[in-house]
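# Reading the structure
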Amino acid sequence: MSLRFDRFLVDDAGRRVLRDGVDIHLTPRAFELLLLLIARRPAAVAKSVIMETLWPGTFVLEANVANLVAEIRTALGDDASHSRFVRTVPRFGYAFAAEAAPAPGPGITPAGTTVVEASPTALALVGEHGRLPLPPGTTVLGREGVAAVLLNSPLVWRRHACIEVIGSRAFLEDLGSKNGYTVDGQRITGRVPLAFGARIGIGPVVVTLECEDEQATRTFHGRELQGL
């Protein structure tokens, strides 16, 4: 479902936030927090609820929540002292303060600005149990959601990692899983770019990033793939 507020469009399915039709980057957890606050509006959400939702079964400091809120405010051009979108509830948590409504339809913002949607990519993760197309935006990889069949293993976390697709580029990021992930057999931490053909190990499951676009396959981040 897509929701609009002020000049923004939040696309839950595509995991995108757009301002006047232009993508705004949010890390996966910041995006999840924004969705949570919007879903609970106008009620405030306790910090403890936020931490358990975003980091289930993991001890984290409240400062992590504050950092995500700061990231959201920066992305939306919000001001903590005179917040229009994310309101701080002292000694409790946060609330979404703006009016939000279902998007009337693709293509037009409330101000009448045309929204240019990104073209679908031909990227996909391919493994033993099938093929998972990767649309523009962020796809969460884990035992739940769209990747559940592909990553069917008890050693894969519910929300293990995510892949963000921007144009013909793909980036992989861990979501705080205990087992982490590997790329082409090497243990990786943080957010990394992926080359087409990369073999990604998530727990015991190995999947390959494939691309059906011949031109995109020849070039990766402006460089020829040969020799990478």
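Because the structure is predicted, anything quoted here is derived from the model rather than measured.

Once that is clear, we can look at the sheet that holds strand β14 (residues 181-183). Taken in spatial order, the six strands line up as β10-β9-β18-β17-β14-β15 in an open sheet, and their pairing is antiparallel. The outermost strands of the open sheet, each flanked by one partner alone, are β10 (130-133) and β15 (186-188). When the angles between neighbouring strand axes are averaged without regard to direction, this sheet yields 30°. Bridging between strand β17 (residues 199-202) and strand β18 (residues 205-211) involves four bridges; their strand directions are antiparallel. Residue pairing for β18: Ile200 is matched across the bridge by Val207.

So, on to the pattern of salt bridges. Taken as a whole and assessed by the stated rule, the structure comprises seven salt bridges. Linking Asp6 and Arg84 is a salt bridge whose minimum nitrogen-to-oxygen distance equals 3.6 Å. Taken together, the residues span a long stretch of sequence, with Asp6 in the loop between β1 (2-5) and β2 (8-11) and Arg84 in the loop between α3 (62-76) and β6 (86-89) at a distance of 78 residues. We classify Arg84 as partly exposed; its relative accessible area is 44%. Taking the shortest distance from any N to any O, the salt bridge between Glu32 and Arg159 comes out at 3.2 Å. Linking Glu32 in helix α1 (residues 28-40) with Arg159 in the loop between β11 (137-141) and β12 (161-166), this pair joins segments that are 127 residues apart in sequence. Of the residues examined, Arg159 reaches a relative accessible area of 22% and is grouped as partly exposed. Sharing partners across several salt bridges, the network here consists of Arg15, Glu32 and Arg159.

Time to look at the pairing of strand β3 (residues 16-19). Sheet analysis places β2 next to β3, joined by four bridges and oriented antiparallel. Opposite Phe8, over in β3, you have Arg19 as the bridge partner. Hairpin connection, β2 to β3: the antiparallel pair is bridged by four residues, and Arg15 has positive phi, about 50°. The hairpin formed by β3 and strand β4 (residues 22-24) contains two residues between the paired strands, and Asp20 there has a positive phi angle of roughly 55°.

This next bit is on the side chain of Asp174. Looking at the element boundaries, Asp174 is found in strand β13 (residues 169-174). Of the side chains bearing the opposite charge, Arg29 lies closest to the buried Asp174, which forms no salt bridge; the N-O distance is 6.7 Å. In contact with Asp174, other than residues within four places in its own chain, are His160, Ala161, Gly180, Tyr181 and Gly190.

Moving on, we get to the sheet that holds β11. Read across the sheet, four strands follow the order β11-β12-β13-β16 without closing on themselves; strand pairing throughout is antiparallel. Whereas interior strands pair on both sides, the edge strands pair on one side only; in this sheet they are β11 and β16 (191-194). On average, each strand axis in the sheet is inclined to that of its neighbour by 25°, with strand direction left out of account. By the bridge criterion, six bridges tie β12 to β13 in an arrangement that is antiparallel. Opposite Ile166, over in β13, you have Arg169 as the bridge partner.

A separate point is the packing of α1 against α3. Helix-helix packing is characterised by the crossing angle of the two axes and by the distance between the axes. Two numbers describe how α1 lies on α3: the axes approach to 9 Å, and their chain directions differ by 85°. In terms of orientation, α1 lies roughly perpendicular with respect to α3. Two secondary-structure elements touch here, α1 through Arg29, Ala30, Leu33 and Leu34 and α3 through Val65, Leu68, Val69, Glu71 and Ile72.

Quick notes on the rules
- Residues numbered from 1 in each chain as written.
- Predicted model: local features only at pLDDT ≥ 70, side-chain atom pairs only at ≥ 80, totals over all residues.
- Heavy atoms only, no water.
- Pairing = 2+ DSSP bridges.
- Helix = DSSP H or I, 4+ residues; strand = E, 2+ residues; numbered from the N terminus.
- Axes fitted to C-alpha atoms, helices over the stretch in contact; angles between N-to-C directions.
- Salt bridge = Lys/Arg side-chain N within 4 Å of Asp/Glu carboxyl O.
- Buried < 20%, exposed > 50% of the residue type's maximum accessible area, 1.4 Å probe, protein only.
- Lys, Arg positive; Asp, Glu negative; His and termini not counted.
- Contact = heavy atoms within 4.5 Å.
- Parallel < 35°, antiparallel > 145°, perpendicular 65-115°, else oblique.

Read these as geometric descriptors, not functional statements.
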